[in-house]
Amino acid sequence: MDTAETTPVLLRRTRLAKTAFHENGLILAILALAIGLRFWNLSVNGFGNVYYAAAARSGMISLHNAFFASYDPAGFVSIDKPPVALWIQTLSALILGYNGWALHFPQVIAGIVSVFLLWRIIRQDFGGTSGIVAALALAISPTNVAVDRSNLPDAWLTLCMVASAGVFLRVDTCNSPSVRRWITCLLYTSPSPRDVEE
């Protein structure tokens, strides 16, 4: 192979390496922005929605209350939402102590992971620029920032929906029929937005 043939290949590789370097720098900056917007003065929100805060406190009292997402310490009244987000809040409160910051912390992490996951999913199918724009839009959207800074389960819904979209985009590239059946089954059983409406 002579030098004339390898020069365009080397130039292309160098260009791709520079593009990947710039893209990685941009996503790191976007993630830093998302972390800053979500963690900044987080304790000012207090306990957030006291309904969910009481359910997390009740879950700390007994495993029965946590499993059924009971609002009251007696385990008689359950929350009208899927309990997984409350389980995560209860676990966070058990580890970090029962305070507003500990209740909001899991949703902040879910929001940051959603930004990163959206970038990865969009980048694979639509290119790096589209992934950066999508991640930036999710990172700075006032609605997403506000929801991620609260103890509402919507941050986990966003993460599940982004992950479901990524799985849906990958189902055609999967060669195993059994894996495709499992993925399809998971997509049909994932929560819909009306399952977690206020």
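Now for a look at the structure at hand. (Residues numbered from 1 in each chain as written. Predicted model: local features only at pLDDT ≥ 70, side-chain atom pairs only at ≥ 80, totals over all residues. Heavy atoms only, no water.)

1. Let's talk about empty space enclosed by the protein
Applying the stated rule across the entire model yields 1 cavity of 30 Å³ or more. Estimated volume of the largest cavity: approximately 40 Å³. What lines the largest cavity is Tyr-52, Lys-81, Pro-82, Ala-85, Leu-86, Gln-89, Asn-151 and Pro-153. Tallying contributions element by element places helix H4 (residues 84-96) first for the lining of the largest cavity, with 3 residues. Here the lining of the largest cavity is composed, by residue class, of 5 nonpolar, 2 polar and 1 charged. (1 Å grid on protein atoms, 1.4 Å probe; cavity = no way out; pocket = protein on both sides within 12 Å on 5 of 7 lines; lining within 4 Å. Points joined across faces, edges and corners; volume = space filled by probe spheres on them. Helix = DSSP H or I, 4+ residues; strand = E, 2+ residues; numbered from the N terminus. Nonpolar A, V, L, I, M, F, W, Y, C, P; charged D, E, K, R; others polar.)

2. Re helix H8 (residues 154-170)
Here H8 contains 17 residues, and its C-alpha end-to-end distance of 24 Å stays within 8% of the 24 Å for a straight helix at 1.5 Å per residue. Among all positions in H8, only Ala-155, Trp-156, Leu-157, Leu-159, Val-162, Ser-164 and Gly-166 are buried. (Expected span 1.5 Å × (residues − 1). Buried < 20%, exposed > 50% of the residue type's maximum accessible area, 1.4 Å probe, protein only.)

3. Remarks on the packing of helix H5 (residues 100-126) against H8
It is at 8 Å that the axes of H5 and H8 come closest, and there the two elements cross at 20°. It follows from the interaxial angle that H5 and H8 lie roughly parallel. For the pair H5 and H8, the crossing hand works out as left-handed. Every residue of H8 that contacts H5 at Pro-106, Gln-107, Ala-110, Val-113, Ser-114, Leu-117, Leu-118, Ile-121, Gln-124 and Asp-125 is listed here: Ala-155, Trp-156, Thr-158, Leu-159, Val-162, Ala-163, Gly-166, Leu-169 and Arg-170. (Axes fitted to C-alpha atoms, helices over the stretch in contact; angles between N-to-C directions. Parallel < 35°, antiparallel > 145°, perpendicular 65-115°, else oblique. Left-handed = near helix turned anticlockwise from the far one by under 90°. Contact = heavy atoms within 4.5 Å.)

4. Some points on the pattern of salt bridges
Oppositely charged side chains are able to pair whenever their charged atoms sit close together. Applying the stated criterion across every chain, the model contains 3 salt bridges. Among the ionic pairs, Arg-123 bridges to Glu-23, the shortest N-O distance being 3.8 Å. One end of the pair, Arg-123, is in helix H5; the other, Glu-23, is in helix H1 (residues 3-39), with 100 residues separating them in the sequence. Judged by its relative accessible area of 13%, Glu-23 is buried. Between Arg-38 and Asp-148 there is a salt bridge; the shortest N-O distance is 2.8 Å. Of this pair, Arg-38 sits in helix H1 while Asp-148 sits in helix H7 (residues 142-148); the two residues are 110 residues apart in sequence, bridging distant segments of the chain. For Arg-38, a relative accessible area of 0% translates into the label buried. (Salt bridge = Lys/Arg side-chain N within 4 Å of Asp/Glu carboxyl O.)

5. A short note on the environment of Ser-58
Inspection of the secondary structure puts Ser-58 in helix H2 (residues 50-61). Assessed through its relative accessible area of 1%, Ser-58 is described here as buried. The sequence separation of Ser-58 and Asp-72 amounts to 14 residues, and the corresponding C-alpha distance is 6.1 Å. The contacts of Ser-58, once residues within four sequence positions are left out, are Asn-65, Ser-70, Tyr-71, Asp-72 and Pro-73.

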